[in-house]
Amino acid sequence: MAWQKRFATAHRLISFAIALAVPFATYLISGTLEPSMIVLGAVIGFSYWYFFPFFLP
């Protein structure tokens, strides 16, 4: 049971890192930070958290 909690915590941290990395990467590429890129990062991070993997609580 302990490994599931650690895996769930790591999964949440990875999805949060993805949500932060997408706007940062687009800022590095384009040089501007737009609200749509923040929304895109949030959508990708949330979808990773929600849809992958299916066996997490």
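Since this is a predicted model, take the numbers as computed values, not measurements. (Residues numbered from 1 in each chain as written. Predicted model: local features only at pLDDT ≥ 70, side-chain atom pairs only at ≥ 80, totals over all residues. Heavy atoms only, no water.)

(A) Structural detail: the overall build of the protein chain. When helices and strands are counted, the protein chain shows two helices and zero strands. For 57 residues, the compact-globule estimate of 2.2 N^0.38 gives 10 Å, and the protein chain exceeds it by more than 25% at 13 Å. Out of the 57 residues belonging to the protein chain, those deemed buried represent 18%. The long-range share in the protein chain, meaning contacts at least 24 apart out of those at least 6 apart in sequence, stands at 56%. In the form shown here, the protein chain has an accessible surface area of approximately 4600 Å², with 78% of it arising from carbon and sulfur atoms. (Helix = DSSP H or I, 4+ residues; strand = E, 2+ residues; numbered from the N terminus. Rg over C-alpha atoms; globule rule 2.2 N^0.38 Å. Buried < 20%, exposed > 50% of the residue type's maximum accessible area, 1.4 Å probe, protein only. Contact = heavy atoms within 4.5 Å. Areas by Shrake-Rupley, 256 points an atom, 1.4 Å probe, with all protein chains shown as cover.)

(B) Quick look at helix 1 (residues 2-30). For helix 1, which comprises 29 residues, the first-to-last C-alpha distance of 43 Å matches the rise-based estimate of 42 Å (1.5 Å per residue) to within 8%. Those residues of helix 1 that are buried lie in contact with helix 2 (35-51). In the stretch just after helix 1, Gly-31 is the one whose phi turns positive, near 90°. (Expected span 1.5 Å × (residues − 1).)

(C) Representation of the packing of aromatic side chains within the structure. Under the counting rule described, the total for this entry stands at four aromatic pairs. The interplanar angle of 20° and the centroid separation of 5.8 Å between the aromatic rings of Phe-46 and Tyr-50 together place this pair among those described as stacked. With Phe-46 and Tyr-50 both in helix 2, this residue pair falls four residues apart, about one helical turn. Considering the side-chain rings of Trp-49 and Tyr-50, the 6.3 Å spacing of their centres and the 45° angle between planes classify their relative orientation as tilted. Using a relative accessible area of 38% as the deciding quantity, one classes Trp-49 as partly exposed. Taken together through their ring pairs, the aromatic side chains of Phe-46, Trp-49, Tyr-50 and Phe-51 make up a single cluster. (Phe/Tyr/Trp six-rings, centres within 6.5 Å; stacked < 30°, edge-to-face > 60°.)

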